[in-house]
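# Structure at a glance
Chain residues, written in single-letter form:
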Amino acid sequence: MALGGIIRGKRTTLRTPVEEDLAAYSRWMADLRVRRAAGVWHEPAMPATWKDRFKEIAKDKQTVLWSIDAAEKLIGFALGHFWSMGNGFDMNHFVIDPDEWRKGYGADAALAFHRYLFDYLDLRVVTVDLRADNVAALRITEKLGYTEYAHGHEVHYRDGAYVDELKLRMEKETWQERWSAEREYPPLAAGATS
């Protein structure tokens, strides 16, 4: 699948990355606020290096990358990969520009993204690993319906101390129970059996 298609939320759009996004990706990977909140996908680099990274992602049929837009500008990206068995997805990175934090863009993009995974692709489970002190991300996953299935103690070292890592997952049944009344459309996979 490689580079993702278009997914629309109420306030955000997840779309296929373009070359003009490279500078922002590199800038976010250099931003200490991003590096503190989440694991770094790649170190900052020249645009040519980011082009090479995009080419490598495009070769991997299990990995998907989206740029996230809001208010007609690039505000973040999402990167993850499908399980080889085809029934699940691991969210590896979900980055919102720190200058756009606390505006609801992350929650909107995450909700649209999960509608795509569960309602359109009919996946069974989605997982994510988060640092235990990433309060904003934990709030979004809690609202969506994730539950903790593993807890790594003192996994990440930064600022002179260790931080725990939480492994979270959400099953399709949880998604349907929590979000079926709030859908503005019926799931495309309704009636499909798996």
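Residues numbered from 1 in each chain as written. Predicted model: local features only at pLDDT ≥ 70, side-chain atom pairs only at ≥ 80, totals over all residues. Heavy atoms only, no water.

## So, the overall build of the chain
What counts, and what does not: Numbering of helices and strands runs from the N terminus; a helix is a DSSP stretch of H or I covering at least four residues, while a strand is a stretch of E covering at least two. Burial here depends on accessible area, computed with a 1.4 Å probe over protein chains only, as a share of the maximum for the residue type. Under 20% is buried, over 50% is exposed, and the range in between is partly exposed. In what follows, residue pairs with any heavy atoms lying within 4.5 Å of each other are defined as contacts.
The helix and strand tally for the chain stands at six helices and eight strands. Secondary structure of the chain in N-to-C order comes out as β-β-α-α-α-β-β-β-α-β-α-β-β-α. In the chain, which comprises 194 residues, the share counted as buried stands at 46%. Partitioning the intrachain contacts of the chain with sequence separation of at least 6 by distance along the chain shows that 60% fall at a separation of at least 24.

## Observations concerning the confidence of the model for the chain
We count it as follows: Known as pLDDT, the predictor's confidence for each residue is given on a scale from 0 to 100.
Looking at the chain, pLDDT values average 85 and 86% of them are 70 or higher. Least confident of the elements in the chain is strand β7 (residues 147-158), whose mean pLDDT is 78; most confident is strand β2 (residues 12-15), at 95. Confidence drops under pLDDT 50 across residues 189-194; counting only partners more than four residues distant or on other chains, this segment forms five contacts.

## Quick word on the layout of surface pockets
As a reminder of what qualifies: Any residue with an atom within 4 Å of a point lines the site, the site being either a cavity, points on a 1 Å grid over the protein atoms alone where a 1.4 Å probe fits but cannot get out, or a pocket, an open set with protein on both sides within 12 Å along at least 5 of 7 lines. Grid points are joined across faces, edges and corners, and a volume is the space filled by probe spheres set on the points. Classification convention: Asp, Glu, Lys, Arg as charged; Ala, Val, Leu, Ile, Met, Phe, Trp, Tyr, Cys, Pro as nonpolar; all other residues, Gly among them, as polar.
The volume enclosed by the largest pocket comes to roughly 1200 Å³. Taken together, 43 residues make up the lining of the largest pocket; nearest its centre are F94, N134, A136, A137 and I140. Top contributing element to the lining of the largest pocket by residue count: helix α5 (residues 135-144), with eight residues. Partitioned by chemical class, the residues of the lining of the largest pocket number 20 nonpolar, ten polar and 13 charged.

## A look at the packing of aromatic side chains
To keep it simple, the criterion reads: A pair of Phe, Tyr and Trp rings is counted when the ring centres sit within 6.5 Å of each other, with Trp represented by its six-membered ring. The angle between the planes then sorts it: under 30 degrees is stacked, over 60 is edge-to-face, the rest tilted. Put simply, a charge is over a ring when the Lys NZ or the Arg CZ is close to the ring centre, within 6 Å, and near the line of the ring normal, within 35 degrees.
Evaluated as defined, the whole model comprises eleven aromatic pairs. When the centroid spacing of 5.6 Å and the interplanar angle of 25° are considered together, the rings of F118 and W175 count as stacked. Of this pair, F118 sits in helix α4 (residues 105-120) while W175 sits in helix α6 (residues 172-179), and the two are 57 residues apart along the sequence. Each member of the pair, F118 as well as W175, carries the same accessibility label: buried. In this structure an aromatic cluster arises from ring pairing among W66, F82, F89, F113, Y116 and Y120. Its guanidinium or amino end placed over the ring of Y149, R169 lies 5.8 Å from that ring's centre, counting from NZ or CZ.

## Concerning the nonpolar core
This is how the line gets drawn: We call a set of buried Ala, Val, Leu, Ile, Met, Phe, Trp, Tyr and Cys residues a nonpolar core when their side-chain atoms join them within 4.5 Å.
Residues L14, W66, F89, F113, L117 and L144 are the most contacted members of the largest nonpolar core, which totals 34 residues. Elements with a minimum of two residues in this core: β3 (63-70), β4 (73-82), β5 (88-96), α4, β6 (125-131), α5, β8 (161-171) and α6. Counting residues per element, this core draws most heavily on α4, at nine residues. With residues up to four places along the chain from it excluded, the contact list for F89 reads V64, W66, G80, H81, F82, W83, F113, L117, L123, V125, V126 and T127. Core analysis: the second largest hydrophobic core is formed by 14 residues, A24, W28, M29 and W50 among them.

## What to know about the side chain of E100
This is how the line gets drawn: Polar contacts, as counted here, are pairs of nitrogen or oxygen atoms within 3.5 Å of one another; within protein the pair requires one atom able to donate a hydrogen and one able to accept it, and residues that are adjacent in sequence qualify only if both atoms are side-chain atoms.
Following the sequence through the fold, E100 ends up in the loop between β5 and α4. A polar contact of 2.7 Å, which involves the side chain of E100, links it to the side chain of K73. For E100, the residues in contact, after removing those within four places along its chain, are K73, I75 and Y105.

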